[in-house]
Amino acid sequence: MDLDEEKRRVIEKLIREGYIKSKRVIDALMKVPREEFIPEHLRKYAYVDTPLDIGHGQTISAIHMVGLMSELLDLKPGMKVLEIGTGCGYHAAITAEIVGKEGLVVSIERIPELAEKAEKTLRKLGYDNVIVVVGDGTLGYKPLAPYDRIYVTAAGPKIPKALIEQLKDGGKLLMPVGKYLQKLVLVEKKGDELIMKDYGDVAFVPLIGKEGFPQY
């Protein structure tokens, strides 16, 4: 089984289907080894375009979703990005590739075991431009705010006020909103105005926290 060949095939398919277009996103998906972020027994499925179980009731997002979210955020080198929901660290690695060494990714994870494992994998792979913080992602991370971009990898009942406040003027925030029926919503902040666009139905794990859903 050649994982590199499988990776190339799935990325070519995503390009054909229109999920990914920009060279920056394509290059990042090609470079980051998804197999390094998932449990050993699931590695053969690394380039199957589906969410995979990473323990603690959490999943690694499907490849097309990571690619699509990266495209919609219009990430650029040098940006400071806040990620809510580190999970295994794969999405953070993709973002880190795109923003480059001069950029920064601040990633918040509420489950300490996942945060520790993700940080270990990111360090092993040389992603020194990612900071992993254990905490309630719905409250954002004030010490390093404001952020050029914010994205959330779990679905909340609404867009947390704290995240809007920590977004730069002209910045973009992307998150799934809803419980049973979830929509991927992109918010652009222009002064006091929020411009919202709905990018259709999605399925994510619930966003747990003070401004999210209560712990199940």
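Please read these numbers as outputs of a predicted model, since none were measured by experiment. (Residues numbered from 1 in each chain as written. Predicted model: local features only at pLDDT ≥ 70, side-chain atom pairs only at ≥ 80, totals over all residues. Heavy atoms only, no water.)

Notes on the pairing of strand β4 (residues 104–109)
The buried fraction of β4 is high, at five of six residues. Crossover strand β3 (residues 80–84) to β4 through helix α4 (residues 90–99) is right-handed. Bridge count between β4 and strand β5 (residues 130–134): five bridges; the pairing is parallel. Bridge assignment links E109 to a residue of β5, and that residue is V134. A crossover connection joins β4 to the parallel β5 through helix α5 (residues 112–124); in handedness this β-α-β unit is right-handed. (Buried < 20%, exposed > 50% of the residue type's maximum accessible area, 1.4 Å probe, protein only. Helix = DSSP H or I, 4+ residues; strand = E, 2+ residues; numbered from the N terminus. Right-handed = clockwise from strand over helix to strand, strands pointing away. Pairing = 2+ DSSP bridges.)

Digging into the sheet that holds strand β9 (residues 193–202)
Read from one edge to the other, the open sheet built from seven strands follows the order β5-β4-β3-β6-β7-β8-β9, with strand pairing classed as mixed. With partners counted over all chains shown, the strands left at the sheet margins are β5 and β9, one partner each. The mean angle between the axes of side-by-side strands here comes to 15°, regardless of whether they run parallel or antiparallel. Running over the sheet, α5 touches β4 and β5 and is turned about 165° from β5. (Axes fitted to C-alpha atoms, helices over the stretch in contact; angles between N-to-C directions. Contact = heavy atoms within 4.5 Å.)

Notes on the packing of helix α2 (residues 23–31) against α4
Running from N to C, α2 and α4 cross one another at 130°; their axes reach a closest spacing of 9 Å. As judged from the angle between their axes, α2 and α4 are oblique. By crossing handedness, the relation of α2 to α4 is classed as right-handed. In this structure, α2 uses R24, V25, A28, L29 and K31 to contact α4, whose residues at the interface are Y90, I94, E97 and I98. (Parallel < 35°, antiparallel > 145°, perpendicular 65-115°, else oblique. Left-handed = near helix turned anticlockwise from the far one by under 90°.)

No statement about biological role is implied by the geometric values presented.
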